[in-house]
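# Inside the fold
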Amino acid sequence: MLRVLEGTRHRCARNLIGALVRGLGLVALCSPAAVAETLIGEEPALGSIESRITQQEIAGGYLSLNDIRRAGLKMFATQFRTADGFGDGPVDPADPVNPGGRPMLQNNGTFLRVNGLDSQACLDCHSIVSADAMPIVLGIGGAGGINNSPMFKARAIDVADAAGNGFAGFDGRLINPPALFGTGAVQQLGKEMTQRLQRLKAVALANPGEVVQLRAKGVEFGTLVANASGELDTSGIVGVDPDLVVRPFGRKGEFASVRGFDLDALMFHMGMQPVEIVGTGVDRDGDGVADEVLTGEVSALSIFVATQETPVQLRRGPAARAGLQRFRQVGCTECHRPELRTRSSELAFSFPEVEDDPAQNGFYTVDLTRSPPALARGPGGGIRVPLFSDLKRHDMGDALVETFHAATAQQNREFITAKLWGVADTAPYLHDGRALTLNAAIMLHGGEAESARSAYAALSVEHKNQLLAFLKTLRNPDSPNQDVLN
């Protein structure tokens, strides 16, 4: 029903959503007089404010999942324009780094590139379904190449090596865009792990002096102790923030939900300000446009991203079967857990979100066992999630340390365990794309992964190739999102 929304550009669609909600079908509710006097191409790419999806329509149950996914695809793939609110406003001398008041590169008035304002759509950076083909296979929701990699909050790049380091110094973060398939299952895992850790926090508070082991889905997150005054000693926590919220999204584990990731990405990459951040009717960045992204549009976008297809495992031949055993023997599965399971197959979306109580404020629920995600049911009514990750941060050693100016030394060494489902299709590898092959990625592991790297390095070429053959069976889905494209 919302197919027309994907291409709606004109004010003649101002009453379309209301008509859909009232069941009037796709009757055109416009006249020549309703068309604004706007130059072709200068109108908002999202269409008029009246034509855009609202939170009430989603939460009220007026739209099917397919309708919502179509509206989410519109948000994902639309090339935003100035009339939509693309870009920041005047430079803010007090804060020229964060979204809203950033300067433009060479005063071009549109893009910055070195600290966001580097794309017009989510699809710009998430469009490679398989890099393991010639030519590469393009599609919606895939990964990105080095040309798509954001340079997060960079202040200085020493491209001429004036410091004489032998490399180009950089004080930002270079982020290789990951594929987005299977994210709904990952969000459900993160929510359930957070709920478990919050319950263990309550146990610690109820039992002062007792050392509480923090374990969720079989993953160890250290220990927690409370004193009689209700103060928590968080020094024993590892791999997760002291608030015990599992944040499975972002290379550093920064976001608890797809929604949180989307909100940040809209502002950083495109200067599109969501009303749930800046307020309704507010033009906080001073670019002349208010209500740039509605709450319902963020909901539709997050639901679309979270309900895409799931990565697949191809049938393993003899070499790949032996490779899985090698993968286990060298210790890769200590962090790259082949499978985690949820208690529930129902993913509830919330607004507003409460990170340490993710069950609050639910407004829409999807069954992750149904297509498109179509995950296999596990025992007890949950789902089996073959993501090959523990959703925990680890120290990855000297070879991968970053030099981000806004992070601590330890934060610059830590990364969330990469999910390996789909890995055969998502080169280049690691957080910044520095590894062009799977072998190179493994050999750059260090820190907590040093023993596994050394065990892999000690394998014969034949045995290494078995392990690599196994990794080559972990693929992205073929032709994703056809349900909203056809």
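A brief structural summary. Just so it is clear, the model here is predicted, and its values are computed rather than measured.

## Digging into the sheet that holds strand β8 (residues 219-226)
- Read from one edge of the open sheet, three strands run β7-β8-β9, paired in antiparallel fashion. The sheet is open, and its two borders are formed by β7 (212-216) and β9 (232-233), each paired with just one other strand.
- Strand direction decides the pairing type here: β8 and β9, joined by two bridges, are antiparallel. Bridge assignment links Val225 to a residue of β9, and that residue is Asp233.
- Packing against the sheet, helix α5 (residues 183-206) makes contact with β7, β8 and β9, and its axis sits at approximately 170° to β7.

## Details of empty space enclosed by the protein
- Within the structure shown, the criterion is met by four cavities of 30 Å³ or more.
- Looking at the largest cavity, its volume works out to about 170 Å³.
- In terms of lining, the largest cavity is formed by 13 residues, of which the most central are Lys191, Ala256, Ser257, Glu353 and Pro358.
- Listing elements by their share of the lining of the largest cavity, those giving two or more residues are α5 and β12 (346-350).
- Residue contributions to the lining of the largest cavity peak at four residues, all from α5.
- Roughly 60 Å³ of internal volume is contained in the second largest cavity.
- Considering the residues around the second largest cavity, the lining is formed by Phe221, Gly239, Val240, Asp241, Val245, Val246, Arg247, Gly253, Leu391, Lys392, Arg393 and Ile416.

## Focus on the pattern of salt bridges
- Scanning the model with the defined rule gives 26 salt bridges in all.
- As a salt-bridge pair, Arg69 and Asp483 come within 2.9 Å of each other at their nearest N and O atoms. Of the two residues, Arg69 is situated in helix α4 (residues 65-77) and Asp483 in helix α13 (residues 482-485); the sequence distance between them amounts to 414 residues.
- Through salt bridges with shared partners, one network takes in Asp241, Asp243, Arg247, Glu355, Arg393 and Glu414.

## What about the pairing of β7?
- The alternating pattern of β7 places Val212, Leu214 and Ala216 on a buried face and Gln213 and Arg215 on a face that is not buried.
- Pairing analysis gives four bridges linking β7 to β8, with the strands arranged antiparallel. Bridge pairing in β8 places Gln213 opposite Thr223.
- The turn linking β7 back onto β8 is made up of two residues, and Lys217 within it adopts a positive phi angle of 55°.

## What about the side chain of Ser119?
- Tracing the chain through its elements places Ser119 in the loop between α4 and β1 (128-130).
- When its relative accessible area of 4% is taken as the criterion, Ser119 is described as buried.
- Setting aside residues no more than four positions away along its own chain, Ser119 makes contact with Phe86, Asp124, Cys125, His269 and Met270.

## Focus on the nonpolar core
- Core analysis: the largest hydrophobic core is formed by 61 residues, its most contacted members being Ile58 and Phe221.
- Contributing elements (two or more residues each) for this core: α4, α5, β7, β8, α6 (258-270), α8 (295-306), β12 and β13 (362-367).
- With sequence-adjacent residues up to four places away left out, Ile58 is seen in contact with Ile53, Leu63, Ile68, Gly296, Ser299, Ala300, Ile303, Phe363 and Tyr364.
- Among the nonpolar cores identified, the runner-up in size contains 24 residues, and Cys332, Val423, Tyr429 and Ala449 belong to it.

The rules we used
- Residues numbered from 1 in each chain as written.
- Predicted model: local features only at pLDDT ≥ 70, side-chain atom pairs only at ≥ 80, totals over all residues.
- Heavy atoms only, no water.
- Pairing = 2+ DSSP bridges.
- Helix = DSSP H or I, 4+ residues; strand = E, 2+ residues; numbered from the N terminus.
- Contact = heavy atoms within 4.5 Å.
- Axes fitted to C-alpha atoms, helices over the stretch in contact; angles between N-to-C directions.
- 1 Å grid on protein atoms, 1.4 Å probe; cavity = no way out; pocket = protein on both sides within 12 Å on 5 of 7 lines; lining within 4 Å.
- Points joined across faces, edges and corners; volume = space filled by probe spheres on them.
- Salt bridge = Lys/Arg side-chain N within 4 Å of Asp/Glu carboxyl O.
- Buried < 20%, exposed > 50% of the residue type's maximum accessible area, 1.4 Å probe, protein only.
- Core = buried A, V, L, I, M, F, W, Y, C linked by side-chain atoms within 4.5 Å.

That's the geometry; what it means functionally is another story.
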